[in-house]
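Notes for the structure review
Read off the chains here:
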Amino acid sequence: MFGYLRPVEPELKIKDFHYFRAYYCGLCRAMGKRLGQTSRLTLSYEATFLALLLSALSDDAEQLTVGRCLLHPGRKRLFLKNSPHLDYAADVGVLLVYYKLLDDWHNERAIQGLLGVGFLSLTKNKVHKKRKQLAGGIAWELDQLQTLEDAACPSVDRAAEPFARIMRELFSVPGASEELLSFAYELGRWLYIVDAFDDLEADLKSGSYNPLRYQFAWQGEEASIFREQVKPPVEFNLYYTLGKLQDHYRQLPIVRREVLDNIVLLGLNQTTARILAGKKRGEDN
Amino acid sequence: MNPYEVLGVREGASKEEIRKAYLELVKKYHPDKYRNNPLADLAEEKLKEINEAYNMLNQGGYSRGQSSSSGGASYQRVIELVERGQIPEAERLLSQLPSGTGQWHFCRAAITARLGRYGEAQQHLQAAMRLEPGNPTYQAAYQQMMGAMNQQRQTAFSGQKDTDDICRVCTALYFADCCCECMGGDFISCC
């Protein structure tokens, strides 16, 4: 589920690019400060997006500072600091990565998953203490997902629901509008379905659960052929969901919208087209 | 209510005449035409009346007091429940009706669309169309859904930001609403 929600950098103005990086780098810093150095490894575009959007919906003034990054000491960069949205995104980011790794271990017996879980467990415990309810909600939904997977749920729509509800939960901050929550829900659906299609061939080969396999009754044919067969309905589902998502997005009272517009109105479209075409990032359409 | 009066046709008019009058009225009072218009509520009310009148005339030739208990009426009730957002009730009612027919799939499509399961909705609509190839309601709903999707896809390919809001409004209609609006009497007339 990671890496699908990011800006289209060539389309960003330089100032917007720096602005995005101020959030990305600011989030990394906030993680280190709040949860310890280990947590910084979970830095993701998804968590950055969460901070960007929540911040753009609030009236809070942004505090930007110039500083150096330990990993990239060569040049000074901008950092956002003292933002409650960054702190929240830091916690959420850790939880998402932790549960993703746990899921990898459960489903694919991926050894990286187990190592990651062990590695992150202390950090995760810290977050659990601060965000009991949120962590409980995520764990509950992932349990629902597990039940669907165990039953070989033959519908990508239904399999997407636990994750869509998690996304809605993540945006359920005080004062969140119905529009924002609907946006988050559709975004969760989109992320899940994109991920399912992206992983389809690999899942068929490894035998991991993939809802598309059961929805379109895979009979053991060549993975690439099956992928082409299921493409039209998946394409419909993705673009239709995207349409809904963007309709909700347009209704949001966003104050700083350049980067967010780029991600939501441009990036998601491009990613959809790229994943459907079966291309990796960088092999552009 | 006298359905003939509402539809503006003479008593004993043929099925075709009724249908023609009905379609014209639906066009006239369609909610799309009254968007951001103070008369929207009135138009909606009127449209409801028109739909009711058309349904009455289509259920066994409108002999007063004859409430049809045919399958058609029940399926329509499912759609009404969906329209009001009473999804669990709609599902319960639908589970008591014969499954696997075109109407059943159409109802499933309306329910799943309302639940945000767009992929399933598309599959059910396709099934409904396969079972009843000539049904205009199913086709209209399907075209509406595919139109919304295609516009989105074209935006993705042209790589342009979509700024044409008016155009979007037309296609951004919720599919479930569309099912309900298009539903009218067609749904009944085919059974």
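Okay, so let's go over this structure. Everything numeric in this text was worked out from a predicted model, so none of it was measured.

**Topic: a negative patch on the surface**
Residue and element names in this part refer to chain B. Together, D41, E44, E45, E49, E52 and E83 give the surface a local cluster of negative charge. Considering every element that reaches the negative patch, the biggest residue donor is helix 3 (residues 40-58), with five residues. The topology assignment puts E83 in helix 4 (residues 71-83).

**A few points about the packing of aromatic side chains**
Residues and elements named next belong to chain A. Tallied over the full model, the rule gives twelve aromatic pairs over all chains. Note on Y209 and Y214: the rings are 5.8 Å apart at their centroids and 15 degrees apart in plane angle, and the pair reads as stacked. A residue is classified by how much of its surface remains accessible, and Y209, at 17% relative accessible area, is buried. Chaining the aromatic ring pairs together yields one cluster made of F49, F171, F183 and Y249. Its end group placed over the ring of F79, R29 keeps NZ or CZ at 3.6 Å from the ring centre.

**Section: helix 3 of chain B**
Helix length check: helix 3 of chain B, at 19 residues, gives a terminal C-alpha distance of 27 Å against a target of 27 Å (1.5 Å per residue), a fit within 8%. Within the sequence span of helix 3 of chain B, burial applies to B:A43, B:L47, B:I50, B:N51, B:A53, B:Y54, B:N55, B:L57 and B:N58.

**Focus on the interface of chain A and chain B**
Taken together, the contact pairs 27 residues of chain A with 26 residues of chain B. When chain A packs against chain B, close to 2,300 Å² is buried across both sides, 54% of that on carbon and sulfur atoms. Summed over the three residues of chain A that lose the most area to chain B, namely A:F236, A:Y239 and A:Y240, the buried surface amounts to 29% of that side. Notably, a salt bridge pairs A:E161 with B:R117, separated by 2.5 Å at the nearest N-O pair. At the junction of chain A with chain B, the criterion picks out twelve residue pairs in polar contact (both at pLDDT 80 or more). Put simply, the parts of the chain that give the side of chain A that touches chain B at least two residues each are helix 6 (156-170), helix 7 (178-198), helix 10 (223-250) and helix 11 (258-276) of chain A. Element by element, the count of residues in the side of chain A that touches chain B is highest for helix 10 of chain A, at 14 residues. Residues belonging to the side of chain A that touches chain B are distributed by class as follows: ten nonpolar, eight polar and nine charged.

Each value, and the rule that gives it
Residues numbered from 1 in each chain as written. Chains lettered and ligands numbered in written order. Predicted model: local features only at pLDDT ≥ 70, side-chain atom pairs only at ≥ 80, totals over all residues. Heavy atoms only, no water. Patch = residues over 30% accessible without salt bridge, like charges linked within 9 Å, V, L, I, M, F, W, Y side chains within 5 Å. Areas by Shrake-Rupley, 256 points an atom, 1.4 Å probe, with all protein chains shown as cover. Salt bridge = Lys/Arg side-chain N within 4 Å of Asp/Glu carboxyl O. Lys, Arg positive; Asp, Glu negative; His and termini not counted. Charge placed at Lys NZ, Arg CZ, Asp CG, Glu CD. Helix = DSSP H or I, 4+ residues; strand = E, 2+ residues; numbered from the N terminus. Phe/Tyr/Trp six-rings, centres within 6.5 Å; stacked < 30°, edge-to-face > 60°. Buried < 20%, exposed > 50% of the residue type's maximum accessible area, 1.4 Å probe, protein only. Lys NZ or Arg CZ within 6 Å of the ring centre and 35° of its normal. Expected span 1.5 Å × (residues − 1). Contact = heavy atoms within 4.5 Å. Buried area = accessible area lost by both parts, 1.4 Å probe. Polar contact = N/O pair within 3.5 Å; in protein donor to acceptor, adjacent residues only side chain to side chain. Nonpolar A, V, L, I, M, F, W, Y, C, P; charged D, E, K, R; others polar.

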